[in-house]
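# Coordinate analysis (summary)
Each chain is listed here by its residues.
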Amino acid sequence: MATRDDGDDGDVVRRAESKRAMKKRLKRQRRCDAKLAKRAEAKRRKADVAASTKAAFHSKVNAMSSEARDAFFVERGARIEARRRETAERKERRRAQLSSAYGLTIDCDEDLTTTMERERWGSLMKQLRAAYERNCKTTAPFKMSFTRMSEAFEEQMGRMNAGWENWHVVRLGKTLRETAAESETTAKSLVYLTADSERELREIEAGKTYVIGGFIDRNRHKGLTLRKARELGVEHARLPIGEFLETRGAPVLTVNQTADVLTSFLERGDWGEAIEAVVPARKVVKIKDAERARDEDEDEDEDEDEDASPTADDDDDAPTSTDGAPR
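Heads up: these notes are all about the structure in this document.

To continue, consider the overall build of the chain. Within the chain, the regular secondary structure consists of 12 helices and 10 strands. Buried residues in the chain amount to 36% of all 327 residues. For the chain, the exposed surface amounts to about 20,600 Å²; the carbon and sulfur share of it is 47%.

Below is the structure:
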């Protein structure tokens, strides 16, 4: 097969098209035609359903008596108004998140997202959506923010979570390192949650911003977020999971599970209830009686104080496992 092009001198230049190129062109054309036909069919079916629904509605209304028709439209108007109020209240709740005194930042910096495999990005993006949706529904929301994302990550985020640009989330437009470097006050307000921290988070304070690493490591990069927190010179902590639950393996949570524990704690004011409500049952060996465990620990500490030598300052047998939050 040949195609025709006009040359600069007006002559017709014939350029041969190979069979392979022709097959590819025809295949693309068939695919395009099939897509257009599918869209047209879907549009036609949608129009048929709308026409059928409209006809059924008019038939139902016309079959009513005058009194029944009036009552029907009054009830229908009340339902529509209730839905409108619910929608307006939902939007207001989402806007209210941005004025919360409690900060929650998902660290999506390039130094984390490029460390893990690209195949894990989709899982992380689903977790970001789940964390945001949970924050929208809670009665005690955080002011949620995302650090600056790499161009490739942000492009895939748009494909995975269409319309995420309209979420009621602060897009910082800078890395966590740049945020921490703004001022000493800003740096002191950051608390990086990491399972490898030796410190347990006891309270959630207004004016503080709790940072969750946007990272899925499958235990291949242990200690990454703790190292980052230390490099930035910011406070770090782990969730007190071990105090309330005995788990199978290290109690490392996903991004959205960590965020859920925080929001649940703000709702309930109790770490035990918040942790038990979020940690998957398959990971739990048993639920501890935290109050009894604390009393026993205090009794043991008193006995140790009585028996300890004046120079004994450290407990060499203290547990070194870590709890809570993604690595």
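Moving on, there is more to tell.
Another point: the pattern of salt bridges. Between side chains of opposite charge, a pair can form as their charged atoms come close. Tallying each qualifying case throughout the model produces 20 salt bridges. In this structure, Asp109 and Lys228 form a salt bridge, with 3.1 Å as the shortest nitrogen-oxygen distance. Of this pair, Asp109 sits in the loop between β3 (103–107) and α3 (110–113) while Lys228 sits in helix α8 (residues 224–232), and the two are 119 residues apart along the sequence. Lys228 shares its class with Asp109; the two are buried. Across the pair Glu178 and Arg148 runs a salt bridge whose closest N-O atoms are separated by 3.6 Å. Residue Glu178 is found in helix α6 (residues 176–180), and its partner Arg148 is found in the loop between β4 (143–146) and α5 (151–160); the two are separated by 30 residues along the sequence. Salt bridges linked by common partners bring Glu41, Arg44, Arg45 and Asp48 together as one network.

Further remarks concern α5. By the burial criterion, the buried members of α5 are Phe153, Gln156 and Met157. Relative to the axis of α5, the buried residues are bounded by an arc of 110° and lie together on one face. Within α5, the exposed residues directed more than 90 degrees away from the buried face are Glu151, Glu155 and Arg159. Tucked inside the fold, the buried residues of α5 contact α3, α4 (121–137) and β4.

This part takes up the nonpolar core. Generally speaking, nonpolar side chains in soluble globular proteins are found buried as a group. With 56 residues, the main nonpolar core has Leu128, Phe146, Tyr210, Leu262 and Trp271 as its most contacted residues. No other element matches α4, which puts seven residues into this core. Those residues in contact with Leu128 that sit more than four places away from it in its chain are Ile106, Cys108, Phe146, Phe153, Met157, Trp167 and Val255.

Turning to the pairing of β4, a few remarks are in order. Where β3 lies against β4, four bridges are found, and the strand directions are parallel. Counterpart to Thr105 in the pairing with β4 is Ser145. As judged from the two bridges shared by β4 and strand β5 (residues 170–171), these two strands associate in the parallel manner. Across the sheet, residue Phe146 finds its bridge partner in β5, namely Arg171. Handedness of the crossover joining β4 and β5 through α5: right-handed.

Moving on, we get to the packing of aromatic side chains. For the structure on display, the rule yields 10 aromatic pairs. Both rings, one in Tyr102 and one in Phe142, keep their centres 6.3 Å apart while their planes meet at 70°; by these two values the pair is edge-to-face. Residue Tyr102 is found in the loop between α2 (66–96) and β3, and its partner Phe142 is found in the loop between α4 and β4; the two are separated by 40 residues along the sequence. We classify Tyr102 as partly exposed; its relative accessible area is 26%. Overall, the relative accessible area of 0% leaves Phe142 in the buried class. A centroid spacing of 6.3 Å and a plane angle of 80° characterise the contact between Trp164 and Trp167, whose relative ring orientation is edge-to-face. For Trp164, a relative accessible area of 3% gives the class buried. Judged by its relative accessible area of 14%, Trp167 is buried.

Time to look at the packing of α4 against helix α10 (residues 255–268). Packing of α4 against α10 brings their axes to within 8 Å, and their N-to-C directions diverge by 10°. On the basis of their axis angle, the class for α4 and α10 is roughly parallel. The chirality of how α4 crosses α10 is right-handed. Contacts from Leu124, Gln127, Leu128, Ala130, Ala131, Arg134 and Asn135 in α4 reach Val255, Asn256, Ala259, Asp260, Thr263, Ser264 and Glu267 in α10.

The rules behind each value
Residues numbered from 1 in each chain as written. Predicted model: local features only at pLDDT ≥ 70, side-chain atom pairs only at ≥ 80, totals over all residues. Heavy atoms only, no water. Helix = DSSP H or I, 4+ residues; strand = E, 2+ residues; numbered from the N terminus. Buried < 20%, exposed > 50% of the residue type's maximum accessible area, 1.4 Å probe, protein only. Areas by Shrake-Rupley, 256 points an atom, 1.4 Å probe, with all protein chains shown as cover. Salt bridge = Lys/Arg side-chain N within 4 Å of Asp/Glu carboxyl O. Arc of directions from axis to C-beta. Contact = heavy atoms within 4.5 Å. Core = buried A, V, L, I, M, F, W, Y, C linked by side-chain atoms within 4.5 Å. Pairing = 2+ DSSP bridges. Right-handed = clockwise from strand over helix to strand, strands pointing away. Phe/Tyr/Trp six-rings, centres within 6.5 Å; stacked < 30°, edge-to-face > 60°. Axes fitted to C-alpha atoms, helices over the stretch in contact; angles between N-to-C directions. Parallel < 35°, antiparallel > 145°, perpendicular 65-115°, else oblique. Left-handed = near helix turned anticlockwise from the far one by under 90°.

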